[in-house]
Amino acid sequence: LRILTGQGLNTGAEMPSDPVLIARNIGPAELLDYGRSLKGIVLEEGSVGSHAAIVARALAIPLVVHATRITTEALNGDHIMVDGDQGVTHLRPDDSVVAAFRDKIAMQADAQERYASIRDKPAETRDAQTINLHMNAGLMADLPSLDGSGADGVGLFRTELQFLVRNQMPRRSELSALYARVLDAAQGKRVVFRTLDIGSDKVLPYMKPNDEPNPALGWRAVRLSIDRPGLLRVQLRALLKAAAGRTLRIKLPMITMVSEVDEVRAMLDREIATQTRFGHELPKEILLGSMIEVPTLLFQLDELMQRVDFISVGTNDLFQFMSASDRGNSFLANRYNPLSRPFLRALREIVRAAERNDKPLYLCGEMASEPLSALAVMAVGYRAISMPPGSLGPVKEMVRSVNLTEISTMMNDALDEVNPAQTILEMMMDYTDQRGVPV
Ligand code: PEP
Ligand code: MG
């Protein structure tokens, strides 16, 4: 590990070419330390919804979780093939497996060509409905992909990743330079900065960890920002400065009670007043939005919508909290499915409330990253979704091949059924098979 992070120059050991990291588990900060030097990651534990998996996706490193006994069976220097799409690894593969892998890589290259050929075409369904496709980012390394990706903007910039990659707290001037670079790279496209979402599994290396029994349900995200406002103040100032003369969009993570939005808005207003007093140029427009990740908000939808300029649904946490199942827990990874009536009904309620209140509605979170689950959220009414850059091609291909009115009607009927003959997943698989929708 010291070799990988560049700290082990005198250990005498050599870094293999194309290294694959095998471990029991890994956190997002550690993974960011290794950076792009890794060609693959295989974990005995972990889960696809964890923040480490999100960081791996941002860095485009294939990751496989739940590889039982891999830390005992794999030896240093072994060959291993990591198939992140299928979630399988081949340890010491024989020639036939290697050949099959080569074929698969060639097929993927074909798919990439197809995605490139639709990159500049609209994300429009067969029945002429436009879907806004945004990308999730958080590392500067993501941003070059914005231009070539065909994304309509950055729907989620996870600002905490910049804090996780450092070994000390970034200064305000560094932050504002960074945020300005993000806005420059977007060239006027929509960018939504999410304020710091630290805590839970995103522990800053230079902050004393809290000894909390349930960190995911703990003192994190906006809760920490409100109780220790110094950090959020620095971030808000940096954002206001970076966006001078442009549009600034900020969203708040883990809002639980609508009064928390009021508290942050008051802080933001104070920072705006300070900037004005000092004669600094302000953004030409400032939009404040809220994530919906905590189920209490499902019962404060109208109050919430009246307080914010836009809404962004974070399906990762919303699903984790609605189903009371830790998104990083490998024992629960396959037990509950977001493509199920309770969860999709909740997502539909949010759409209805946004329509009632005439509020722009977005969805980020990994549900938008797979064509099938992206189709499900479109079918309950979402028209703007944000995903990792690598998902834009497959999702756009799906969008362009679907008749959204047709699947939306089926979805609505299916969600209203009390004694259904089919699960939502079965209904969708039948539909996409019959219609030849690539999912
Ligand atoms: C989410 O919870 O869906 C989300 C987008 O935030 P994160 O994955 O960073 O927790
Ligand atoms: Mg979240």
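Described below are features of the structure shown in this document. What you see is a predicted model, and the numbers here were worked out from it, not measured in a lab. Within each chain, residues carry numbers counting from 1 in the order of the written sequence. Working convention: letters from A go to chains and numbers from 1 go to ligands, in the order in which they are written. The model is predicted, so local features are restricted to residues of pLDDT at least 70 and side-chain atom pairs to those at 80 or more, both for listing and for counting; the totals for chains, interfaces and linings are taken over all residues. For side-chain calculations, the full set of non-hydrogen atoms in the structure is used, while hydrogens and water are omitted.

## A short note on the coordination of the magnesium ion (ligand 2)
Put simply, a metal with four donors set out as a tetrahedron has ideal angles of 109.5 degrees, and one with six donors set out as an octahedron has ideal angles of 90 or 180 degrees. The following threshold applies: For Na, K and Ca the donor cutoff is 3.2 Å, while for all other metals N, O and S atoms must lie within 2.8 Å; water is not among the atoms, so some sites may look incomplete. Under the DSSP-based scheme used, a helix requires at least four consecutive residues in state H or I and a strand at least two consecutive residues in state E, with every element numbered from the N terminus. Only protein chains enter the accessibility calculation, which uses a 1.4 Å probe. A residue is then buried if its area is under 20% of the maximum for its type, exposed if over 50%, and partly exposed in between.
The protein atoms that coordinate the magnesium ion (ligand 2) are Glu293 (OE) and Asp317 (OD), at distances spanning 2.0 Å. Placement of the pair is Glu293 in the loop between strand 10 (285-292) and helix 11 (301-307) and Asp317 in helix 12 (residues 315-322), with a sequence separation of 24 residues. The exposure classification of Glu293 matches that of Asp317, with both residues buried.

## Some details on the nonpolar core
The test is simple: To define a nonpolar core, start from buried Ala, Val, Leu, Ile, Met, Phe, Trp, Tyr and Cys residues and group those joined through side-chain atoms within 4.5 Å.
One finds Ile292, Val313, Leu347, Ile350, Tyr382, Ile385 and Met411 to be the most contacted residues of the largest nonpolar core, which totals 116 residues. Membership of the second largest hydrophobic core comes to seven residues, among which are Val42, Val64, Ala74 and Val82.

## Section: the pattern of salt bridges
The criterion, for reference: Any carboxyl oxygen of Asp or Glu that lies within 4 Å of a side-chain nitrogen of Lys or Arg is treated as forming a salt bridge with it.
According to the stated counting rule, one finds 23 salt bridges in the structure shown. For Arg194, the salt bridge goes to Asp197, with nearest N and O atoms at 3.5 Å. Neither residue differs from the other here; Arg194 and Asp197 are each classed as buried. For Arg265, the salt bridge is made with Asp309, and the minimal N-O distance between the two is 3.7 Å. Of the two residues, Arg265 sits in helix 10 (residues 258-277) while Asp309 sits in the loop between helix 11 and strand 11 (310-314), which places them 44 residues apart along the sequence. Members of the salt-bridge network, linked through shared partners, are Glu160, Arg194, Asp197, Arg220, Asp317 and Arg327.

## Side note on the sheet that holds strand 2 (residues 40-43)
Here is the rule: A pair of strands is treated as paired once DSSP finds two or more bridges between them.
Ordered in space as 1-2-3, the three strands form an open sheet in which the pairing is parallel. Where the open sheet ends on each side, the last strands, each with one partner, are strand 1 (20-23) and strand 3 (63-64). Pairing of strand 1 with strand 2 involves four bridges; the strand directions are parallel. Counterpart to Ile22 in the pairing with strand 2 is Val42.

## As for the site of ligand 1
Threshold: Definition of nearness: a residue and a molecule or strand are near each other if at least one heavy atom of the residue lies within 4 Å of the molecule or strand. Definition of a polar contact: a pair of N or O atoms within 3.5 Å, with one able to donate and the other able to accept a hydrogen when the atoms are protein atoms, and with sequence-neighbouring residues admitted only if both atoms are side-chain atoms. Only the protein chains shown count as covering a residue, and every accessible area follows the Shrake-Rupley method with a 1.4 Å probe. Side-chain classes follow a simple rule in which Ala, Val, Leu, Ile, Met, Phe, Trp, Tyr, Cys and Pro form the nonpolar group, Asp, Glu, Lys and Arg form the charged group, and the remainder, Gly included, forms the polar group.
The environment of ligand 1 is formed by 16 residues, the closest being Arg158, Arg194, Gly314, Asn316 and Arg327. Arg194 is positioned with one of its side-chain polar atoms (N or O) 2.8 Å from an oxygen atom of ligand 1. Thr315 is positioned with one of its backbone polar atoms (N or O) 3.1 Å from an oxygen atom of ligand 1. Protein contacts shield 100% of the accessible area of ligand 1, which totals 290 Å² for the unbound molecule. Where the shell around ligand 1 is concerned, the elements lending two or more residues are helix 2 (51-58), strand 7 (153-158) and helix 12. Top contributing element to the shell around ligand 1 by residue count: helix 12, with three residues. Tallied by class, residues from the shell around ligand 1 come to four nonpolar, five polar and seven charged.

## Observations regarding the packing of helix 14 (residues 371-379) against helix 15 (residues 392-400)
Basically, it comes down to this: Where helices are involved, their axes are fitted lines through C-alpha atoms of the stretch in contact, as for all axes, and angles between N-to-C directions lie from 0 to 180°. Orientation labels follow simple angle bins: below 35 degrees gives roughly parallel, above 145 gives roughly antiparallel, 65 to 115 gives roughly perpendicular, and whatever is left gives oblique. Handedness of a crossing follows from how the near helix is turned relative to the far one, being left-handed for an anticlockwise turn of less than a right angle and right-handed for a clockwise one. Only heavy atoms enter the contact rule, under which two residues are in contact if any of them lie within 4.5 Å.
Following both chains from N to C, one finds helix 14 and helix 15 inclined at 50 degrees, their axes separated by 9 Å at the closest point. Judged on the interaxial angle alone, helix 15 and helix 14 are oblique. Between helix 14 and helix 15 lies a crossing whose hand is right-handed. In contact with Pro371, Ala374, Leu375 and Met378 of helix 14, helix 15 contributes Pro394, Val395, Met398 and Val399.

## What about the side chain of Ser290?
Among the structural elements, Ser290 can be located in strand 10. Excluding its chain neighbours within four sequence positions, the residues that come into contact with Ser290 are Leu252, Ile255, Leu297, Leu304, Val308, Phe310, Ile311 and Ser312.

## Considering unusual backbone geometry
In the Ramachandran plot, Ala128 falls in the positive-phi region, its phi being about 60 degrees despite a non-glycine side chain. Non-glycine residue Ala324 carries a positive phi angle of around 50 degrees. Examined against the element boundaries, Ala324 turns out to sit in the loop between helix 12 and helix 13 (341-357). A relative accessible area of 71% means that Ala324 is categorised as exposed.

## What about helix 4 (residues 95-118)?
What counts, and what does not: Helix span is expected to be 1.5 Å times the residue number reduced by one.
Under the 1.5 Å per step criterion, the end-to-end length of helix 4 is 35 Å for 24 residues, consistent within 8% with the ideal 34 Å. Of all the residues in helix 4, the buried ones are Val98, Phe101, Ala111, Tyr115 and Ile118. Packed against the buried residues of helix 4 are strand 4 (80-83), strand 5 (88-91) and helix 15.

## Some thoughts on the environment of Phe310
Looking at the element boundaries, Phe310 is found in strand 11. Judged by its relative accessible area of 3%, Phe310 is buried. Sequence separation between Phe310 and Lys251 is 59 residues; the distance between their C-alpha atoms is 8.4 Å. Ignoring anything within four residues of it in the chain, the contact list for Phe310 reads Arg190, Val192, Arg249, Ile250, Lys251, Leu287, Leu288, Gly289, Ser290, Lys359, Pro360 and Tyr362.

## A word on the packing of aromatic side chains
One pair of aromatic rings is described through two measures. These are the centre distance and the angle between the planes. As a reminder, the rule being used: Each Phe, Tyr or Trp ring, with Trp reduced to its six-membered ring, pairs with another whose centre is within 6.5 Å; inter-plane angles below 30 degrees give stacked pairs, above 60 give edge-to-face pairs, and intermediate values give tilted ones.
Counted under the stated rule, the structure contains four aromatic pairs. Aromatic side chains Phe310 and Tyr362 sit 6.1 Å apart centroid to centroid with 85 degrees between the ring planes, which places their arrangement in the edge-to-face category. On the criterion of sequence distance, the pair formed by Phe310 in strand 11 and Tyr362 in strand 12 (residues 361-364) is long-range, its members being 52 residues apart. As far as the burial class goes, Phe310 and Tyr362 line up, both buried.

## Brief notes about the packing of helix 12 against helix 13
Orientation of helix 12 relative to helix 13, taken along the N-to-C sense of each, is 125 degrees, at an axis distance of 11 Å. Looking at the two axes, helix 12 sits oblique to helix 13. By crossing handedness, the relation of helix 12 to helix 13 is classed as right-handed. Here Thr315, Leu318, Phe319 and Met322 of helix 12 lie close against helix 13, whose contacting residues are Pro342, Phe343, Ala346, Leu347 and Ile350. Each residue belonging to the contact of helix 12 with helix 13 can be placed in one class, and the counts come to eight nonpolar, one polar and no charged.

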